[in-house]
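Residue-level structure breakdown
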Amino acid sequence: MGQRFSVYAPASSANLSVGFDLLGLALRPVDGSVLGDEILIEQGGSGCELMVEGRYAGLLPPDPADNIVHEAYGLCAEFLGAKCEPVVPARITLRKNLPVCSGLGSSAASVVAAVLAADAVNGSKLSRAEQMTLMGQLEGKISGSIHYDNVAPCFLGGLQLILGLDGRVSERLPFFSDWLIVVCFPGIKISTAKAREILPREYPRATAITYARQLAAFVHACHAGDEALAAASISDVIAEPYREILIPGFAEAKRAGARLGAVATGISGSGSSIFSIFRNAEAAQEMKRCLERDFIANEDGFCHVCGPDEQGARVTPL
Ligand code: HSE
């Protein structure tokens, strides 16, 4: 039997209100529960044989050939082939733990895990930059345009600022060690493409300046360790005013966060998940209870108290 690998790729929260398309944070539940996609890969079979399991497998296309993980293997094989590298057939199991269209970087997690798995089983021939390029291309196919604010934190871990430069897609920002992020998926699907369509095509100059000022202040605050400035900078002038109507109970959840002393509460990525940042573990747990009681709309929903996943995606030889 050929080599086997398991790959884990964490959930992530893009935007963080202050950095539309330019910030993303990898998430790790503080209670040790799994909040990310997992892939098991081994050499064998013919071509790429994909099996899908896990809590959210039922929300994926019924034909595995339509799954992005299958496509990722094909794209990696093509890329390796173009470099005259041999490509092996592979059997893949995707454990789909993240719901699609949830605002928690579900597609990015599958894409990141798939590219790392495909590379591992083929002898780890890709550079980090090549891996990132392939991940970006695949994520772009799903959401309609290439943005790295889920892929970069999922792959590299921590809080990532998207630079979008050739060979320098993102840079890690220091995050605040005592900040806890409560993330809650209400169980409602919102496609990123649709949530982008409802945004204005152009923004007034004053909004552009506010966005730049707040994001610059936030980045400065992260480097300076200035929690108060970071907290004061977290507000969303780009997406939340237009998207909040897509998320039933968002305004109430935001008020609950404020009542419990949240640093900020906002939409995670393009929704429907929301995030709420706390400095106090008890308040974070209380927010979790509130959201479980009042915000979750059906049995697909869940809520976790998280810290940053500093490690990002990991490959383990088995
Ligand atoms: N930043 C994107 C958006 C979602 O809010 O539309 C995640 O890539």
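Residues numbered from 1 in each chain as written. Predicted model: local features only at pLDDT ≥ 70, side-chain atom pairs only at ≥ 80, totals over all residues. Heavy atoms only, no water.

1. Brief notes about unusual backbone geometry
Omega for the bond connecting Gly271 with Ser272 falls within 30 degrees of zero, at 10°, which places this linkage in the cis form. Its location among the elements puts Ser272 in the loop between strand E10 (264–267) and strand E11 (274–278). Located in the positive-phi region is Leu16, a residue other than glycine, with phi close to 50°. Note that Leu16 resides in the loop between strand E2 (12–14) and strand E3 (23–29). With a phi close to 60°, Cys84 is a non-glycine residue in the positive phi region. (Helix = DSSP H or I, 4+ residues; strand = E, 2+ residues; numbered from the N terminus.)

2. Details of the pairing of strand E8 (residues 168–173)
Here five bridges tie strand E7 (residues 159–165) to E8, and the two strands are oriented antiparallel to one another. Its bridge partner lying in E8, Gln160 is registered against Arg172. (Pairing = 2+ DSSP bridges.)

3. A word on the sheet that holds strand E13 (residues 314–317)
An order of E5-E6-E4-E1-E13 is seen for the five strands of this open sheet, with the pairing classed as mixed. Because the sheet does not close on itself, it has two edges, and the strands there are strand E5 (48–53) and E13. Averaged over all adjacent pairs, the angle separating strand axes in this sheet is 20°, with direction ignored. Where strand E1 (residues 4–10) and strand E4 (residues 36–43) come together, seven bridges link them in antiparallel fashion. For Pro10, the partnering residue across the bridge sits in E4 and is Gly36. Helix H2 (residues 106–121) contacts E1, E4, strand E6 (90–95) and E13 of the sheet and is inclined by roughly 25° relative to E4. (Axes fitted to C-alpha atoms, helices over the stretch in contact; angles between N-to-C directions. Contact = heavy atoms within 4.5 Å.)

4. Things to note about the environment of Ile198
Inspection of the secondary structure assignment puts Ile198 in the loop between helix H5 (192–197) and helix H6 (205–224). In the structure, Ile198 is positioned 41 residues away from Ala239 in sequence and 9.1 Å away in space, judged by C-alpha atoms. In contact with Ile198, not counting residues within four places along its chain, are Tyr242, Arg243 and Leu246.

5. Regarding the site of the ligand
Neighbouring residues of the ligand: Ala14, Asn15, Phe20, Asp21, His147, Asp149, Asn150, Thr192, Arg196, Arg243 and Gly269. The side chain of Asp21 places a nitrogen or oxygen atom 2.6 Å from a nitrogen atom of the ligand. With the chains in place, 98% of the 260 Å² that the ligand exposes on its own is no longer accessible. Here the residues of the shell around the ligand sort into two nonpolar, five polar and four charged. (Near = heavy atom within 4 Å. Polar contact = N/O pair within 3.5 Å; in protein donor to acceptor, adjacent residues only side chain to side chain. Areas by Shrake-Rupley, 256 points an atom, 1.4 Å probe, with all protein chains shown as cover. Nonpolar A, V, L, I, M, F, W, Y, C, P; charged D, E, K, R; others polar.)

6. Digging into the domain arrangement of the chain
With domains assigned, the chain is organised as domain 1 (4–173 + 310–317) and domain 2 (180–307). Computed over C-alpha atoms, the centres of domain 1 and domain 2 are 24 Å apart. Counting from both sides, the interface comprises 35 residues of domain 1 and, opposite them, 44 residues of domain 2. Here domain 1 and domain 2 share an interface that buries about 3000 Å² over both sides, 64% of which is from carbon and sulfur atoms. If you sort the residues of domain 1 by the area they bury against domain 2, Ser17, Val18 and Phe20 come out on top, with a joint share of 23%. If you look at where domain 1 meets domain 2, you find one salt bridge. At the junction of domain 1 and domain 2, the tally comes to 17 residue pairs in polar contact (both at pLDDT 80 or more). Considering each element in turn, the side of domain 1 that touches domain 2 owes the most residues, six residues, to E3. (Domains from an automatic or database assignment. Buried area = accessible area lost by both parts, 1.4 Å probe. Salt bridge = Lys/Arg side-chain N within 4 Å of Asp/Glu carboxyl O.)

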